[in-house]
Amino acid sequence: AQPIRTIGGYPAREGSVSKIWVADDYSMVVDDKNDNLVYSSVSQAEVTPTFPYVNALDFGTGAKTAATINTVMSALGTVNKYTLLIPNGTWIIDVNVTVPDNVQLYLDNGTNLTISSGVTFTYSGENIIAPNSQIFTLLGTGVFVFSGDIPELYAAWWGVVSDGVTVCTDEMQSAIDEAGTRQLN
């Protein structure tokens, strides 16, 4: 048995969230640090990706902007399922963005969506793959809205630091406001 490092509950390699593809039968048991069962799966064969990955930088000019993400959304449509990789770096979200429920976001380690005042980034998916670290910077009245059925969110996504020293009241309030009835970790 080998330990698998995780970020936000997802397998990680070299600091980035990753997927594990297995082309044969397998079984898996995941325990937390106190040896409590977290997850188990027994003998599934031929595990393949559920839907294809698309890199946002392969569209438009390749700039890390809302325009690039909107170009991707236009190209993908709303029928087929995709995972959209948003590579690391600062992405300037200066116009509204809506990601439909057929697209799952995968934010690489080091990705930050900087959402301008008066701008809304709406995500309708049911899952987001992201590290347990800041992935949004909200400027003024900028907001990131989870309109999908995501069961849990992480306060760290809004920049909350749990070191007992850093004051992050505004970031925590933003996380609480968006979490609503979802679990906030």
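Residues numbered from 1 in each chain as written. Predicted model: local features only at pLDDT ≥ 70, side-chain atom pairs only at ≥ 80, totals over all residues. Heavy atoms only, no water.

**Student:** It is not clear to me how the nonpolar core should be interpreted in this structure. Could you clarify?
**Tutor:** For soluble globular proteins, the rule of thumb is that nonpolar side chains tend to be buried together. Of all hydrophobic cores here, the largest spans 39 residues; its most connected members are I93, L105, F121, F146 and W157. It is helix 1 (residues 66–76) that provides the largest number of residues to this core, a total of five residues. (Core = buried A, V, L, I, M, F, W, Y, C linked by side-chain atoms within 4.5 Å. Buried < 20%, exposed > 50% of the residue type's maximum accessible area, 1.4 Å probe, protein only. Helix = DSSP H or I, 4+ residues; strand = E, 2+ residues; numbered from the N terminus.)

**Student:** How should I be thinking about the sheet that holds strand 9 (residues 97–99) in this particular structure?
**Tutor:** Each strand in a sheet pairs with another by means of backbone hydrogen bonds, the pair being arranged parallel or else antiparallel. Read from one edge to the other, the open sheet built from three strands follows the order 9-12-15, with strand pairing classed as parallel. With partners counted over all chains shown, the strands left at the sheet margins are strand 9 and strand 15 (143–146), one partner each. Taking each pair of neighbouring strands and ignoring which way they run, the sheet shows an average axis angle of 10 degrees. The sheet contact formed by strand 12 (residues 120–123) and strand 15 spans four bridges and is parallel. From the neighbouring strand, T120 faces strand 15, where its bridge partner is V143. Set on the sheet, helix 1 makes contact with strand 9 and strand 12; between it and strand 9 the angle comes to about 40 degrees. (Pairing = 2+ DSSP bridges. Axes fitted to C-alpha atoms, helices over the stretch in contact; angles between N-to-C directions. Contact = heavy atoms within 4.5 Å.)

**Student:** What is the right way to look at the packing of aromatic side chains in this model?
**Tutor:** For any pair of aromatic rings, the description rests on two quantities: the centre-to-centre distance and the angle between the ring planes. Applying the stated criterion to the full structure yields ten aromatic pairs. Taken together, F121, Y123, F136, F144, F146, Y154, W157 and W158 form an aromatic cluster joined through their ring pairs. (Phe/Tyr/Trp six-rings, centres within 6.5 Å; stacked < 30°, edge-to-face > 60°.)

**Student:** How should the layout of surface pockets be read in this particular structure?
**Tutor:** Where empty space is left in the structure can be found by rolling a water-sized probe over the atoms. Taken as a whole, the second largest pocket encloses approximately 160 Å³ of empty space. If you trace the second largest pocket, you find it lined by L138, G140, T141, G142, V143, F144, W158, S174, D177 and E178. Residue assignment for the lining of the second largest pocket shows that the elements contributing at least two residues are strand 15 and helix 2 (169–179). Residue contributions to the lining of the second largest pocket peak at three residues, all from helix 2. Broken down by class, the residue content of the lining of the second largest pocket amounts to four nonpolar, four polar and two charged. (1 Å grid on protein atoms, 1.4 Å probe; cavity = no way out; pocket = protein on both sides within 12 Å on 5 of 7 lines; lining within 4 Å. Points joined across faces, edges and corners; volume = space filled by probe spheres on them. Nonpolar A, V, L, I, M, F, W, Y, C, P; charged D, E, K, R; others polar.)

**Student:** Just to check I follow, could you spell out the confidence of the model for the protein chain for this structure?
**Tutor:** Of all residues in the protein chain, 73% have pLDDT values of 70 or greater, and the mean over the chain is 81. Across residues 42–49, where pLDDT falls below 50, the model places 17 contacts with residues more than four positions away in sequence or in other chains. (pLDDT = per-residue confidence, 0-100.)

**Student:** Is there a simple way to think about the pairing of strand 12 in this case?
**Tutor:** When a strand is regular, its side chains alternate between the sheet's two faces. Pairing of strand 9 with strand 12, which is carried by three bridges, proceeds in the parallel orientation. Paired with V99 across the two strands is Y123, which belongs to strand 12.

**Student:** What am I meant to see in the side chain of T68 here?
**Tutor:** Take T68: it is sitting in helix 1. Judged by its relative accessible area of 2%, T68 is buried. When residues no more than four places from it in sequence are discounted, the contact partners of T68 are A56, F59, T61, G62, A63 and W91.

**Student:** Before we go on, may I ask you to explain the sheet that holds strand 8 (residues 89–93) in this structure?
**Tutor:** Spatially, three strands are ordered 8-11-14 in an open sheet, and the strand pairing comes out parallel. Looking at which strands have only one partner, the edges of the open sheet turn out to be strand 8 and strand 14 (136–138). Going from strand to strand, the sheet's axes swing by 20 degrees on average, the running direction of each strand aside.

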